Amino acid sequence: MVLLCWAALAVTIAVVPGITAVDGAAVLLAALVLGLLGAALRPAAAVLLTRAGWAGVVGGWLLGQALLLQVALSVTPGLQVAGFWSAFWASWVYAGLVSAGLWVVTAGRPGMVVRHLLRVNRRFRRAATTSDVPGVVLIQIDGLSAPLARWALAAGALPTVARWLGSGSHTLVEWHARLPATTPASQAGLLHGASAQVPAFRWYEKETGRLVVTNRPRDSALVESRLSDGRGLLADGGVSVSNVFSGDAPTSLLTMSTIGERAASGRPARYVAAYLLDPFGLTRSLFLTAGEIVKELHQARRQRLRRVQPRTARTASYVMLRGLTNVLLRHLNLSILAEHVMRGAPAVYCDFVDYDEIAHHAGPTRPEALAALEGIDDVLATLEAVALAAPRPYRFVVVSDHGQSQGATFAQRYGITVDELVRQLSCADGPAVAAGRNDEHAGRVGALRGVLVRPAPEPAPDVPALDVPAPVRPEFVVAASGNLALVYLARVPGRASMEYIEENYPRLLAGLAGHPGIGWVMVRSRRLGPVVLGRSGRRLLTGDRVEGEDPLAGYGPHAAADLRRHDGLPHTGDIVVNSVYDPVTQEVAAFEDLIGCHGGLGGWQERPVLIHPQQWPVDGDLTGADAVHHQLVRWLEKFGDRA
């Protein structure tokens, strides 16, 4: 590292006007002085600048390195700097050269990153109490299905996990994600054992007229208040990082449900500020983010030129989001995890969304999606090495929240969106309100801002509140989550029955069930209970009777039980709609503009993975995220540090 900094500073002095050096020894001394100044001043600067919010942190990042460089050059014999602006431009050239050099040196080797993390966290290690009780690092690979995990292992995309499995230290099992197969529902189960509080990624609540979207801090906090009993998975001293819900962790960082309440204290901001001011942190990540953006532009163009199908437009907002989630957020998560491992935290849980975000837009089996898994595997290798120096032994658990299923979108296939179809079939007096955007992980990026600035009041939902006159409210609200859509008759209080819908909208149910892009439709009958309608038959879930062709044929052995459960969830739709599914090609048709999707039934989206230590036996049926939660709790009670 010293040699790299020496070389980078020498090149910087050679190319930037206004800086001179008498010889290489003076440059080496300046590099050493610069390193010592940074190590001594950055921790205090991070705390002070955090109090000024984003303005202080960004200002410190822009100017801090330049000031340090100017001081180092000024006090080193044999060096001269003309003024601050020479130092300012030199700091950027120097940072770029160091970042490029680090990329070359560390490509495929986590050793440099490990040494850096050990160095910056050594004071936490010295202050930590040594223990023989194992801690647990739980890494969630968002969106990874069990079939794709096996494929990635065979393809060499997960070498660290493959080494664990090959050595016999770990084993891989598959579990079933109940409907809805979404991150909020699964994390409500995995972290709190209460997945029944989440009927979809987004839903409409008639009682308040509120549209709940779980990647908005206000809404995730509301949902956590409903599902938390104070004894979540991380309740006993655990740490939640980059999750939707906190698992009742006393330390919750970049977690959607706690951003508002924790931002005022400034504690989470310190982690972000320290990362931003570290030259190994933000500056390096920015160069790598730029590289990720260039790579995405190339891969998207290659898909277009090769006419890969199915595919969707990879917008500018997604290009930026990919760069942020695949580099900046991943590296920030790694630095936070490393610190708390060195502090000896009993359990840490972090969600890495890299693969899921790319799979949504490129496809879950595409090369760029598999490449994202390689990056997460590098994180596992780095954390494994860092944990060897921790004050307690650590065990690693890898879990996914759901899988993904691929296919051309509903709109691509049929030239109409599901809310437009509802509008046509119902002959409603106004457009159906569509509540579905490709914004699942946009909230994660907002979390970076939320930890430094108290979140501003969020805009009111697009759907009018209940206390306005009924004619003002839309007739229908359609909330899409992947290839699942919840349809609400917004002017009808309570759950609208099948009989009411057929009487007032006689074409709606038959038209939806008969559409070639829809696999099944579930409604509740006053006489028959929950009924699943298909093109040529129906299934009565009470008593489990099939009349005609079974609309759930091909959707798997859990389909009927999942729908029976979903019918009883609070705030489920008056009409629950699932896309068509082809068991041969494994393809579905998302109601959002996503090539890889999850949220409904059909394909790999229901088949997440759990990789755990071989010595930790699975002693129950892993059907549903709640069951996995109870298994994790039993492991922590028996093998970890949980009361």
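Relevant structure appears above.
Turning to a positive patch on the surface, a few remarks are in order. A cluster of basic side chains, namely R119, R122, R123 and R126, defines a positive patch on the protein surface. Per-element tally for the positive patch: the top contributor is helix α6 (residues 122-127), with 3 residues.

We now examine the sheet that holds strand β23 (residues 609-613). Reading across the sheet, the 7 strands line up as β4-β23-β10-β3-β9-β7-β8 and stay open at both edges, with mixed pairing between neighbours. Each edge of the open sheet carries a strand with a single partner, namely β4 (170-174) and β8 (251-253). The mean angle between the axes of side-by-side strands here comes to 15°, regardless of whether they run parallel or antiparallel. Inspection of the sheet shows strand β10 (residues 394-399) paired to β23 by 2 bridges, in the antiparallel sense. Each residue of the ladder has a partner; that of V398, found in β23, is I611. Packed on one face of the sheet, helix α8 (residues 159-167) meets β4, β10 and β23 and runs near 105° to β4.

A few words now on the packing of helix α14 (residues 316-343) against helix α16 (residues 367-387). Where α14 meets α16, the axes come as close as 10 Å, and the angle between the chain directions of the two elements is 15°. Considering the angle they form, α14 stands roughly parallel to α16. For α14 against α16, the interelement crossing comes out right-handed. Contacts between α14 and α16 involve R322, N326, R330, L334, L337, A338, V341 and M342 from the first element and E368, A372, G375, I376, V379, T382, L383, V386 and A387 from the second. Broken down by class, the residue content of the contact of α14 with α16 amounts to 11 nonpolar, 3 polar and 3 charged.

Next up on the list: the packing of aromatic side chains. Evaluation of the coordinates by the stated rule reveals 8 aromatic pairs. The interplanar angle of 55° and the centroid separation of 5.2 Å between the aromatic rings of F410 and Y414 together place this pair among those described as tilted. Of the two residues, F410 and Y414 both sit in helix α17 (residues 410-414), 4 residues apart, roughly one turn of that helix. Y414 gets classed as partly exposed once you look at its relative accessible area, which sits at 29%. Taking 5.3 Å as the distance between ring centres and 65° as the angle between the ring planes, the aromatic pair formed by F410 and F591 counts as edge-to-face. Pair noted here: F410 is in helix α17 and F591 is in the loop between β21 (587-588) and β22 (596-597), with a separation of 181 residues, a long-range link. Exposure remark for F410: the relative accessible area of 1% places this residue in the buried category. An aromatic cluster is present here, built from F410, Y414 and F591 joined pairwise through their rings.

Among the secondary structure elements, P134 is positioned in the loop between α6 and β3 (135-141). When sequence neighbours within four positions are dropped, the list of residues in contact with P134 reads R392, P393, R395, F639, G640 and D641.

We now examine the pattern of salt bridges. Overall, the coordinates contain 23 salt bridges when judged by the stated rule. Between E384 and R163 there is a salt bridge, with its nearest N and O atoms 2.7 Å apart. Placement of E384 in helix α16 and of R163 in helix α8 is noted, with a sequence separation of 221 residues between them.

A few words now on α14. A rise of 1.5 Å per residue sets the reference length of α14, with its 28 residues, at 40 Å; its end C-alpha atoms lie 39 Å apart and thus fit the reference within 8%. Most of α14 is tucked away, with 23 of its 28 residues classed as buried. Of the residues flanking the end of α14, it is G344, one or two places downstream, whose phi is positive at about 85°.

What follows concerns the packing of α8 against α16. A pair of packed helices is captured by two measures, namely the crossing angle of their axes and the spacing between those axes. Two elements in contact, α8 and α16, have axes whose closest approach is 7 Å; the angle formed by their N-to-C orientations is 60°. On the basis of their axis angle, the class for α8 and α16 is oblique. Each of P159, T160, V161, R163 and W164 in α8 lies in contact with α16, whose residues at this interface are D377, L380, A381 and E384. Of the residues contributing to the contact of α8 with α16, the split by class is 5 nonpolar, 1 polar and 3 charged.

Further remarks concern the pairing of strand β17 (residues 537-540). Strand direction decides the pairing type here: strand β16 (residues 529-533) and β17, joined by 3 bridges, are antiparallel. For V531, the partnering residue across the bridge sits in β17 and is L540. The antiparallel pairing of β16 with β17 creates a hairpin that spans 3 residues between the two strands. Bridging between β17 and strand β18 (residues 545-548) involves 4 bridges; their strand directions are antiparallel. Across the sheet, the residue bridging to L540 is R545, located in β18. Hairpin connection, β17 to β18: the antiparallel pair is bridged by 4 residues, and G543 has positive phi, about 90°.

Judged by nonpolar contacts, the single largest core of 55 residues is most densely connected at V137, I139, L337, Y355, L373, L383 and Y394. When residues in this core are grouped by element, the largest group, 10 residues, is from α16. Setting aside anything within four residues of it in sequence, one finds L373 in contact with I141, L144, L148, A152, A157, L158 and Y355. Ranked by size, the runner-up nonpolar core spans 36 residues in total, among them A200, Y204, V477 and W520.

Thresholds, definitions, all that
- For every chain, the first residue of the written sequence is number 1, and numbering continues from 1 along that sequence.
- pLDDT decides what is reported in this predicted model: residues at 70 or higher carry local features, side-chain atom pairs at 80 or more are listed and counted, and totals for whole chains, interfaces and linings draw on all residues regardless.
- The basis for every side-chain value is the complete set of heavy atoms in the structure, and neither hydrogens nor water enter the calculation.
- Residues enter patches when their relative accessible area tops 30% and they take part in no salt bridge; the joining distance is 9 Å for like charges and 5 Å for the nonpolar side chains Val, Leu, Ile, Met, Phe, Trp and Tyr.
- Methods summary: accessible areas were calculated by the Shrake-Rupley approach with a probe of 1.4 Å, and residue burial reflects only the protein chains presented.
- Put simply, a salt bridge is a Lys or Arg side-chain nitrogen that is within 4 Å of an Asp or Glu carboxyl oxygen.
- For the charge count, each Lys or Arg is scored as positive and each Asp or Glu as negative, with His and the chain ends excluded.
- One atom stands in for each charge, and that atom is NZ of Lys, CZ of Arg, CG of Asp or CD of Glu.
- Helix and strand labels come from DSSP, where a helix needs a run of H or I of at least four residues and a strand needs a run of E of at least two; each type is numbered from the N terminus.
- Here a strand pair is declared whenever DSSP counts at least two bridges between the two strands.
- Only the stretch in contact is used when a helix axis is fitted, and all axes are lines through C-alpha atoms; the angle between N-to-C directions ranges over 0 to 180 degrees.
- Note on contacts: a residue pair is in contact if any heavy atoms of the two residues lie within 4.5 Å.
- Convention used here: angles under 35 degrees read as roughly parallel, angles over 145 as roughly antiparallel, angles from 65 to 115 as roughly perpendicular, and any remaining angle as oblique.
- Left-handed describes a crossing whose near helix is turned anticlockwise from the far helix through less than a right angle; right-handed describes the clockwise counterpart.
- Any residue outside Ala, Val, Leu, Ile, Met, Phe, Trp, Tyr, Cys, Pro, Asp, Glu, Lys and Arg is labelled polar, Gly included; the first ten of those are nonpolar and the last four are charged.
- Centres within 6.5 Å are what make two rings of Phe, Tyr or Trp a pair, Trp counting through its six-membered ring; a difference in plane orientation under 30 degrees is then read as stacked, over 60 as edge-to-face, and the rest as tilted.
- For every residue, the accessible area (1.4 Å probe, protein chains only) is compared with the maximum for its type, and the residue is labelled buried under 20%, exposed over 50%, or partly exposed between those bounds.
- Multiply 1.5 Å by the residue count of a helix minus one, and that product is the helix's expected span.
- Take the buried residues of types Ala, Val, Leu, Ile, Met, Phe, Trp, Tyr and Cys, join any two whose side-chain atoms come within 4.5 Å, and each joined set is a nonpolar core.

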